[in-house]
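A structural walkthrough
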Amino acid sequence: CGAWRGIHYRTFAFHEDARSPDGAFEIEAVRDLGRLAARIHEVGSQGSCRHRRRIELPSFGVGNLASLRASGLLPPTHADPYRRHVEALVEAGRLLLEGAELVRIHGDLGVWNLLDTDRGRVVLDFDDMARAPPAFELGGLHFGIHRGGRKASDDPDLHEEVLAGVVGGYREGRPLDERWRAQTIGLGALRWVWFDAWNASRWHEEPFRKQRRAWQE
């Protein structure tokens, strides 16, 4: 453990046998991913993170929309439709998130942040750790998972199978809000608003300039 210019850090032992999972998860591996998320969230529910962002409607929806509009980077022809869509998402989400549990989550949990070793699975990169409804994390776990040439991010049937497996595994470890399905859809859409606002905040960096085309599409 240590600190550098006010940034606290901790180093861990290097795993020479570590390997990244390839994402070709069968159903039991998918359920294991849900169990892993449940363990992380159970630990996360036992503390706070006052210096980390809270993923909730006032900031995650309205706040990010305001930041994005203030940047002036949205194409004029798309600014008003974009605003209306985000405001509709926020309004619809109020009932879905009313009274929802907020716990510390990984924030970017997926196969790209996992390593398998002979001693078990290691989770990497808690840089995006936040306080959020568990459904926010679960709704993104299908990214990177594939089977037989099909991607869960593109194939609706495989997506549904993966999501059901993740939730089934999760519920073996801890309870989940019965509104989880609608929450994953709404929060997943607002995730892109946050992503756009984040890109806008780093517009001076060359790779992020390419996002203008993505907004227009």
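Attention in this report is confined to the structure presented alongside it. The written sequence of each chain sets the order in which its residues are numbered from 1. Thresholds applied to this predicted model are a pLDDT of at least 70 for local features of residues and 80 or more for the giving and counting of side-chain atom pairs; totals over whole chains, interfaces and linings are not thresholded and use all residues. Hydrogens and water molecules were not included; the side-chain quantities draw on all heavy atoms of the structure.

A word on the overall build of the protein
For the protein, the count of helices and strands is seven helices and eight strands. The globule rule used here is 2.2 Å times the number of residues to the 0.38 power, and the radius of gyration it is set against is calculated over C-alpha atoms. Taken over C-alpha atoms, the radius of gyration comes to 18 Å for the protein, in line with the 17 Å a tight globule of 217 residues would show. Per-residue burial for the protein yields a buried fraction of 39% across its 217 residues. When contacts within the protein are restricted to residue pairs at least 6 apart in sequence, those whose partners lie at least 24 apart make up 74%. Method for areas: the Shrake-Rupley scheme with a 1.4 Å probe, in which residue coverage is limited to the protein chains shown. Entry remark: accessible area of the protein is about 12700 Å², with carbon and sulfur atoms responsible for 54%. When the 31 positive and 32 negative side-chain charges of the protein are each reduced to one mean point, those points stand 5 Å apart. Note on conventions: DSSP H or I runs of at least 4 residues are helices, E runs of at least 2 residues are strands, and numbering of each starts at the N terminus. Think of it in three bands: residues with accessible area under 20% of the maximum for their type are buried, residues over 50% are exposed, and the middle band is partly exposed, with areas taken using a 1.4 Å probe on protein chains only. By definition in these notes, contact holds between two residues if any of their heavy atoms fall within 4.5 Å. Under this rule, positive means Lys or Arg and negative means Asp or Glu; His and the chain ends count for nothing. Charged side chains are reduced to one point each, which is NZ for Lys, CZ for Arg, CG for Asp and CD for Glu.

Some points on the side chain of His142
Inspection of the secondary structure assignment puts His142 in the loop between α4 (134-138) and β7 (146-147). The exposure class of His142 is buried, given its relative accessible area of 8%. Reaching out from His142, the side chain makes a polar contact with the backbone oxygen of Gly139 at a distance of 3.2 Å. Here a polar contact means two N or O atoms within 3.5 Å. Within protein one must be a hydrogen donor candidate and the other an acceptor candidate, and residues neighboring in sequence count only if both atoms are side-chain atoms.

Thoughts on helix α5 (residues 156-173)
Between its first and last C-alpha, α5 extends 26 Å over 18 residues, near the 26 Å set by a 1.5 Å rise per residue. Where α5 is concerned, the buried positions are Leu158, Val162, Leu163, Gly165, Val166, Val167, Gly168, Gly169 and Tyr170. At its buried positions, α5 is contacted by α1 (27-44), α4, β7, β8 (150-151) and α6 (180-201). Of the residues flanking the start of α5, the one acting as N-cap is Asp155, its side-chain oxygen 3.0 Å from the backbone nitrogen of Asp157. Expected helix span is given by 1.5 Å per residue-to-residue step, counting one fewer step than there are residues.

Focus: the environment of Leu73
Summarising the element assignment, Leu73 is placed in the loop between α2 (57-71) and α3 (76-97). For the pair Leu73 and Ala197, spaced 124 residues apart in sequence, the C-alpha separation works out to 9.7 Å.

Some points on the pattern of salt bridges
Any Lys or Arg side-chain nitrogen located within 4 Å of an Asp or Glu carboxyl oxygen qualifies as a salt bridge. For the structure on display, the rule yields 17 salt bridges. Glu28 is the partner of Arg35 in a salt bridge, and the nearest nitrogen-oxygen pair spans 2.9 Å. For Glu28, a relative accessible area of 42% puts it in the partly exposed group. Notably, a salt bridge pairs Arg179 with Asp177, separated by 2.8 Å at the nearest N-O pair. Given the relative accessible area of 26%, Asp177 is considered partly exposed. Ionic contacts of the salt-bridge type, sharing partners, join the residues Glu28, Arg31, Asp32, Arg35 and Glu172 into one network.

Focus: the packing of α1 against α5
Taken N-terminus to C-terminus, the directions of α1 and α5 make an angle of 45 degrees; their axes are 7 Å apart at the nearest point. In this view, α1 runs oblique relative to α5, as classed from their interaxial angle. Crossing angle aside, the handedness with which α1 passes α5 is right-handed. Contact residues: Ile27, Val30, Arg31, Gly34, Arg35, Ala37, Ala38 and His41 in α1; Glu161, Val162, Gly165, Val166, Gly168, Gly169, Tyr170, Glu172 and Gly173 in α5. Every axis corresponds to a line fitted to the C-alpha atoms, with the helix fit spanning only the stretch in contact, and the corresponding angles, defined between N-to-C directions, vary from 0 to 180 degrees. Any angle between 65 and 115 degrees counts as roughly perpendicular, while under 35 counts as roughly parallel, over 145 as roughly antiparallel, and the rest as oblique. In this scheme the crossing of two helices becomes right-handed for a clockwise turn of the near helix relative to the far one and left-handed for an anticlockwise turn of less than a right angle.

A word on the side chain of His106
By the secondary structure assignment, His106 is in the loop between β3 (103-105) and β4 (114-117). Engagement of the side chain of His106 in a polar contact is seen with the backbone oxygen of Leu124, the distance being 2.7 Å. Every residue in contact with His106, bar those within four places of it in the chain, is listed here: Ile40, Asn113, Val123, Leu124, Asp125, Phe126, Asp128, Met129 and Glu137.

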